[in-house]
Amino acid sequence: MNFSVAPCLTLSPTPDSCPFEAIRLSFKDNVRIPLGPGEFTPGGSISISSPHAEIWLQNKQILIRDQNTTHGTYVNGIRIVQQTLLRNGDILTLGAPIMRSSSIPNNVTNAQLKPIKAMVAIVGV
């Protein structure tokens with residue numbers, strides 16, 4: 001028997017992230033998956049856009065690209081400006097910390113001012 005695992009990626013929150021439930025993405029070649037506020041629940045960071053980034057499988061590699069966002073997308077602390085390879089164990093950050101100011105509504109929690117920070121786990125590639 002030949003068992004193969006479908007390519008997938010899990011994003012799990014780091015301790016300094018805006019809280020969210022871990023998400024698992026399954027891939028087919030060259031199908032791009034948008035990452036935005038809807039993928040990260042509950043609450044959600046106000047520093048990410050919709051769509052914020054896109055992620056896809058190409059030639060057995062998982063790539064990510066920022067969608068020209070204000071607060072950026074980072075891999076291991078480095079802001080990405082073009083498609084970037086994701087590796088197992090990378091730290092993916094969507095957005096940047098936002099300082100509380102009078103322009104931020106009172107119902108926005110301090111946790112929502114944090115970016116999404118996730119540990120990347122990849123299987124099947």
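Look above for the structure.
Residues numbered from 1 in each chain as written. Predicted model: local features only at pLDDT ≥ 70, side-chain atom pairs only at ≥ 80, totals over all residues. Heavy atoms only, no water.

## With respect to the packing of aromatic side chains
(1) Moving on: A full pass over the atoms with the stated rule returns one aromatic pair.
(2) Moving on: Both rings, one in Phe20 and one in Phe40, keep their centres 5.0 Å apart while their planes meet at 90°; by these two values the pair is edge-to-face. You can see Phe20 sitting in the loop between β1 (8-13) and β2 (23-26) and its partner Phe40 sitting in the loop between β3 (33-35) and β4 (53-58), a full 20 residues away along the chain. A single burial state applies to Phe20 and to Phe40, both of which are buried.
(3) Moving on: Taking NZ or CZ as reference, Arg32 lies 3.8 Å from the ring centre of Trp56, over its face. (Phe/Tyr/Trp six-rings, centres within 6.5 Å; stacked < 30°, edge-to-face > 60°. Helix = DSSP H or I, 4+ residues; strand = E, 2+ residues; numbered from the N terminus. Buried < 20%, exposed > 50% of the residue type's maximum accessible area, 1.4 Å probe, protein only. Lys NZ or Arg CZ within 6 Å of the ring centre and 35° of its normal.)

## A few points about the sheet that holds strand β9 (residues 91-94)
(1) Moving on: Across the sheet, which stays open at both edges, the six strands sit in the order β2-β1-β10-β9-β6-β7 with antiparallel pairing between neighbours. Single-partner strands in this sheet number two, and they are β2 and β7 (78-79).
(2) Moving on: Judged from the six bridges that link them, β1 and strand β10 (residues 116-123) form a sheet pairing that is antiparallel. Directly across from Pro13, in β10, lies its bridge partner Ala118. (Pairing = 2+ DSSP bridges.)

## Observations concerning the nonpolar core
Nonpolar side chains in soluble globular proteins generally cluster together in the buried interior.
(1) Moving on: Counting 25 residues, the largest nonpolar core has Leu9, Leu11, Leu35, Phe40, Ile55, Ile64 and Leu86 as the members making the most contacts within it.
(2) Moving on: Looking at this core, the elements with two or more residues in it are β1, β2, β3, β4, β5 (61-66), β9 and β10.
(3) Moving on: Ranked by residue count, the leading element in this core is β10, at four residues. (Core = buried A, V, L, I, M, F, W, Y, C linked by side-chain atoms within 4.5 Å.)

So, to be careful, I would describe these as geometric facts and stop short of saying anything about function.
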